[in-house]
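Secondary and tertiary structure notes
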Amino acid sequence: MKITILTYGSRGDVQPFIPLSCGLMARGHTVKLAAPSRFQALLEEHGIDFVPLAGDPVELSKRLNDSGQNFIKLISELMDHAIQIGADVLQQTEEACKDADFIIHTFMHAVGGHTIAREMNIPDVHIQLFPMFTPTGDYPNVTFADLKLRMLNRLTHHISRWITVWSARSGFEQVRRRANLPKRKLYSPFDFNFPRSPTPILCAWSQNVLPPSKDWNSNVHVTGYLFDDSYTGYQPTIALEKFLQRGEPPICISFGSMMNREAKKIDQIIRDSVRQTNNRGIILSGWSNVKNESSNDILYLDAVPHQWLLPRCKMILHHGGAGTTSAGLRAGIPSIVIPFTADQPFWGSRVHAMGAGPHPIPLKKLSVDDLARAILEADDCAIRIRAQRISEALSNENGVGMTIKLIEKYSYEFQRF
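Residues numbered from 1 in each chain as written. Predicted model: local features only at pLDDT ≥ 70, side-chain atom pairs only at ≥ 80, totals over all residues. Heavy atoms only, no water.

Let's talk about the sheet that holds strand E3 (residues 49-53)
As a reminder of what qualifies: The pairing criterion is simple: DSSP has to find at least two bridges between the two strands. Put simply, DSSP H or I for four residues or longer makes a helix, DSSP E for two residues or longer makes a strand, and each gets a number counted from the N terminus. Fitting a line to C-alpha atoms yields each axis, with helices limited to the stretch in contact; the angle taken between N-to-C directions then spans 0 to 180 degrees. Should any heavy atoms of two residues lie within 4.5 Å, those residues are considered in contact.
Strand order in the open sheet formed by seven strands is E3-E2-E1-E4-E5-E6-E7, and the pairing between neighbours is parallel. Both outer strands of the open sheet, E3 and strand E7 (220-222), are each paired with one neighbouring strand and no more. With strand direction ignored, the average angle separating the axes of adjacent strands in the sheet is 20°. With three bridges connecting them, strand E4 (residues 102-105) and strand E5 (residues 124-128) associate as parallel partners. The partner of His105 across the bridge, within E5, is His126. The strands that helix H2 (residues 17-26) touches are strand E1 (2-6), strand E2 (30-36), E4 and E5; relative to E2, the one it contacts most, it runs at about 165°. Packed onto the sheet, helix H6 (residues 110-120) meets E1, E4 and E5 and runs at close to 170° relative to E4.

This is the structure:
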């Protein structure tokens, strides 16, 4: 089967599809993965047929970070970014899908990817890394506060889904007019499109972290995380090896692709908090590229595979992105979440609710005293034990295997009918 995967965003939006692509290829399938061009080297080193997409996700990250938790502004920034690169991305995604037998799409490709699948009369699935298009009363849409009433929580999901689909259609119309493209009917994978069966939605997180909702239909599945085990060949630098050997396990600080105008101020708060609690820290600068001079108790690095580094750390301080959250839980260490935007407060609240970390600290309220208190709380024995138990539960799951099984199942069922 020829499978095309369409994704867009930061590394956290691309990384999960590396092990999925490798797993599919091991099953004899051919895979093309379309993602932002900056990830070309990362994907090609795994032998994945890569289709580069226009646009710089660094710029998108800046826009989303400035939007905070304002859902309307988040969608507006996404839409504006998509319109700017829309004509190029449309051509590139169609090229990636032209000989496909099956399409997998994620958040920003939901409408476009499903529309191509409908036009080609081939099956598709939607993979979501955070709960966005699966209405439930259990909790609100990830950008809303808990409204306590199931009816209102469910309503936030329907509103966000409607806005997302409307924005996709409106954005396409603007792109179409700018590029003088022909009119085209767009389809939402979340609508009832008889006689086609409902599009399967595969939720790439653990049921031990966020259980399936009783409100969901049979086309929604929680598969488990799509963990990447390709770190096995990683060789640490001499500086990193020496730092780890020199003292107690450090705190890992990782904000991934987050960009913020106050990055230097945030960095200073973190340094002061780590020292105030008599800890050591490894700061992974990521896309922020903020680096002070390393010292005996603070080491700055660009990036280190989380699966290699985190088991060697005592806890992780991070932004609450879905990928970093899952890496911290898998490592069995406490998490301190400082959410910036989008789904990050949601995952921070889940970490606390599971007992794997203290209350998340909103970025705007971050201070040395509050962060120092959180570090001391996260070092509590009860939190450490709970984090280890969650890690044990995750080790018994096979998200990649479950996802592949469902993809092959739905492909077979589509061909039958």
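Still to come is the rest of the account.
Quick notes on the nonpolar core
This is how it is decided: We call a set of buried residues a nonpolar core when its members are Ala, Val, Leu, Ile, Met, Phe, Trp, Tyr or Cys and they connect through side-chain atoms within 4.5 Å of each other. Note on exposure labels: buried denotes an accessible area under 20% of the residue type's maximum, exposed denotes more than 50%, and partly exposed covers the range between, all computed with a 1.4 Å probe on protein chains only.
Of all hydrophobic cores here, the largest spans 61 residues; its most connected members are Leu20, Leu43, Ile104, Ile127 and Ile407. The element best represented in this core is helix H15 (residues 399-416), accounting for five residues. Residues contacting Ile104, with those up to four places away along its chain left out, are Ile3, Thr4, Ile5, Leu6, Leu20, Leu24, Val125, Ile127 and Ile407.

What about helix H9 (residues 263-276)?
Counted only if it meets this: In this scheme, a helix's expected span is set at 1.5 Å multiplied by one less than its residue total.
Taking 1.5 Å of rise per residue, 14 residues should cover 20 Å, and H9 covers 20 Å from first to last C-alpha, within 8% of that figure. Taken together, the buried positions of H9 are Ala263, Ile266, Asp267, Ile269, Ile270, Arg271, Ser273 and Val274. On its buried face, H9 is in contact with strand E8 (251-254), strand E9 (281-284), strand E10 (298-301) and helix H13 (368-378). Just beyond H9, the residue with positive phi is Asn278, at close to 60°.

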